[in-house]
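What follows is each chain in one-letter form.
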Amino acid sequence: AQSVTQLDSHVSVSEGTPVLLRCNYSSSYSPSLFWYVQHPNKGLQLLLKYTSAATLVKGINGFEAEFKKSETSFHLTKPSAHMSDAAEYFCVVVSGGSNYKLTFGKGTLLTVNP
Amino acid sequence: NAGVTQTPKFQVLKTGQSMTLQCAQDMNHNSMYWYRQDPGMGLRLIYYSASEGTTDKGEVPNGYNVSRLNKREFSLRLESAAPSQTSVYFCASRDRLNTEAFFGQGTRLTVV
């Protein structure tokens, strides 16, 4: 079985400050992990993915995430928030036992204050 | 390159009515998915099709049926709509294992 827990339902930051969105996963097999972003009333866009290569993954718009097997975590970070980063972010896991299913976390709403 | 196309974008149904949500992808992907998105719940898998000719239940299949018409198309049918099926529905497709999914723009369905 696989599952994802996004530890914060809402994160609020000021423009220009760092962003940290936390994700923990559970998987019986070596997982693939993804972060997606959804802007209001839009579809989902892939930010970045981990598929058993480098543990530090760089994505679009300055985001990156680090896969930590010992902590079963895949936290999303960005050094400096921009107003356009305001959106909902989803952590997603796929693992070998049920590798056709993408399991989503419940999402983290990121607010960026001027 | 259109990617994943869903129709319709918006729909209002009365309780008990039926309808089919259409999804087509032009990326020659093997796997296709239907998710529903509700506030605070993330996206929950309704049904998926690992490859042409196969379909399987996800987390929340009750009240829905699917058809993988061919490699391109995967439809979702509500036989007798209920207010609890008010949601935003997303179709997705994926190529190989351990690759990312590509999503359509969503269908906003309201059942009154």
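Everything numeric in this text was worked out from a predicted model, so none of it was measured.

Trainee: Could you give an account of the interface of chain A and chain B, naming the residues involved and the relevant values?
Mentor: In this complex, chain A contributes 21 residues to the contact, which on the side of chain B involves 23 residues. Here chain A packs against chain B, burying approximately 1800 Å² in sum over the two surfaces, 58% of which is carbon and sulfur. Considering only the surface of chain A that becomes buried against chain B, Tyr100, Leu102 and Phe104 of chain A emerge as the three largest contributors, covering 31% of it. At the surface where chain A touches chain B, the tally comes to one salt bridge. Across the contact surface, chain A and chain B share five residue pairs in polar contact (both at pLDDT 80 or more). Residue assignment for the side of chain A that touches chain B shows that the elements contributing at least two residues are β5 (31–38), β6 (45–50) and β10 (87–95) of chain A. Here the side of chain A that touches chain B gets four residues from one element, more than from any other, and that element is β5 of chain A.

Trainee: Can you break down the environment of tyrosine 47 of chain B residue by residue, with the values?
Mentor: Residues and elements named next belong to chain B. Following the sequence through the fold, tyrosine 47 ends up in strand β5 (residues 42–49). With relative accessibility at 9%, the residue tyrosine 47 sits in the buried group. Considering only alpha carbons, one finds tyrosine 47 and cysteine 23, 24 residues apart in sequence, at a separation of 13 Å. When residues no more than four places from it in sequence are discounted, the contact partners of tyrosine 47 are Tyr33, Trp34, Asp56, Lys57, Gly58, Pro61, Tyr64, Asn65, Val66 and Phe74.

Trainee: Give a description of the side chain of serine 73 of chain A that names residues and reports values.
Mentor: Residue and element names in this part refer to chain A. With respect to the element layout, serine 73 can be found in strand β9 (residues 73–78). Serine 73 gets classed as buried once you look at its relative accessible area, which sits at 1%. Once residues lying within four places of it in the same chain are set aside, the contact partners of serine 73 are Cys23, Asn24, Tyr25, Glu66, Phe67 and Lys68.

Trainee: Mind laying out unusual backbone geometry, listing which residues take part and the relevant values?
Mentor: Following threonine 7 of chain B, the chain continues to proline 8 of chain B via a peptide bond in cis, the omega torsion being -5°. Along the chain, the position of proline 8 of chain B falls in the loop between β1 (4–7) and β2 (10–13). Phi is positive for asparagine 41 of chain A, close to 60°, though the residue is something other than glycine. Mapped onto the fold, asparagine 41 of chain A is located in the loop between β5 and β6. Of note in the backbone geometry, asparagine 28 of chain B takes a positive phi value of approximately 60° without being a glycine. Mapping asparagine 28 of chain B onto the fold places it in the loop between β3 (19–25) and β4 (31–38).

Trainee: Go over the sheet that holds β3 of chain B, please, and point to the residues and values.
Mentor: Strands pair in a sheet through their backbones, by hydrogen bonds, and they do so in one of two ways: parallel or antiparallel. Residue and element names in this part refer to chain B. If you walk across this open sheet you meet the four strands as β1-β3-β8-β7, and the pairing is antiparallel. Taken across any chain shown, the strands that pair with only one partner, and hence form the sheet edges, are β1 and β7 (64–68). Taking each pair of neighbouring strands and ignoring which way they run, the sheet shows an average axis angle of 15°. Both β3 and strand β8 (residues 74–78) contribute to a ladder of three bridges, which runs antiparallel.

Trainee: Which residues make up the packing of aromatic side chains, and what values do they have?
Mentor: This model, assessed by the stated rule, comprises 14 aromatic pairs over all chains. Seen in terms of ring centroids, phenylalanine 34 of chain A and tyrosine 36 of chain A are 6.5 Å apart; in terms of plane orientation they differ by 45°. Their pairing is tilted. Among the residues examined, tyrosine 36 of chain A registers a relative accessible area of 1% and is labelled buried. When the centroid spacing of 5.9 Å and the interplanar angle of 80° are considered together, the rings of phenylalanine 104 of chain A and phenylalanine 103 of chain B count as edge-to-face. With phenylalanine 104 of chain A in strand β11 (residues 103–104) and phenylalanine 103 of chain B in strand β10 (residues 101–103), this residue pair bridges two chains.

Trainee: Pulling in residues and values, what's your account of the nonpolar core?
Mentor: Generally speaking, soluble globular proteins have nonpolar side chains that are buried together. In this structure, Trp35, Leu48, Leu76 and Tyr89 of chain A are the most contacted members of the largest nonpolar core, which totals 26 residues. In terms of residues, this core owes the most to one element, β10 of chain A, which gives four residues. Residues Val4, Leu13, Cys23 and Leu78 of chain B belong to the second largest nonpolar core, which totals 19 residues.

Trainee: How would you explain the state of the cysteines if you had to name every residue and give the values?
Mentor: Under the criterion given, the structure shown has two disulfides over all chains. Across a sulfur-sulfur distance of 2.0 Å, cysteine 23 of chain A and cysteine 91 of chain A are joined as a disulfide pair. Its torsion about the S-S bond being -70°, the disulfide of cysteine 23 of chain A and cysteine 91 of chain A is classed as left-handed. Of this pair, cysteine 23 of chain A sits in strand β4 (residues 23–27) while cysteine 91 of chain A sits in strand β10, placing them 68 residues apart in sequence. Both residues of the pair, cysteine 23 of chain A and cysteine 91 of chain A, count as buried. Here cysteine 23 of chain B engages in a disulfide with cysteine 91 of chain B; their sulfurs sit 1.8 Å apart. Because the torsion about its S-S bond is -75°, the bridge between cysteine 23 of chain B and cysteine 91 of chain B counts as left-handed. Note that cysteine 23 of chain B is positioned in strand β3 and cysteine 91 of chain B in strand β9 (residues 87–94), a separation of 68 residues in sequence. According to the relative accessible area criterion, cysteine 23 of chain B is buried, its value standing at 3%.

Quick notes on the rules
- Residues numbered from 1 in each chain as written.
- Chains lettered and ligands numbered in written order.
- Predicted model: local features only at pLDDT ≥ 70, side-chain atom pairs only at ≥ 80, totals over all residues.
- Heavy atoms only, no water.
- Contact = heavy atoms within 4.5 Å.
- Buried area = accessible area lost by both parts, 1.4 Å probe.
- Salt bridge = Lys/Arg side-chain N within 4 Å of Asp/Glu carboxyl O.
- Polar contact = N/O pair within 3.5 Å; in protein donor to acceptor, adjacent residues only side chain to side chain.
- Helix = DSSP H or I, 4+ residues; strand = E, 2+ residues; numbered from the N terminus.
- Buried < 20%, exposed > 50% of the residue type's maximum accessible area, 1.4 Å probe, protein only.
- Pairing = 2+ DSSP bridges.
- Axes fitted to C-alpha atoms, helices over the stretch in contact; angles between N-to-C directions.
- Phe/Tyr/Trp six-rings, centres within 6.5 Å; stacked < 30°, edge-to-face > 60°.
- Core = buried A, V, L, I, M, F, W, Y, C linked by side-chain atoms within 4.5 Å.
- Disulfide = S-S within 2.5 Å.

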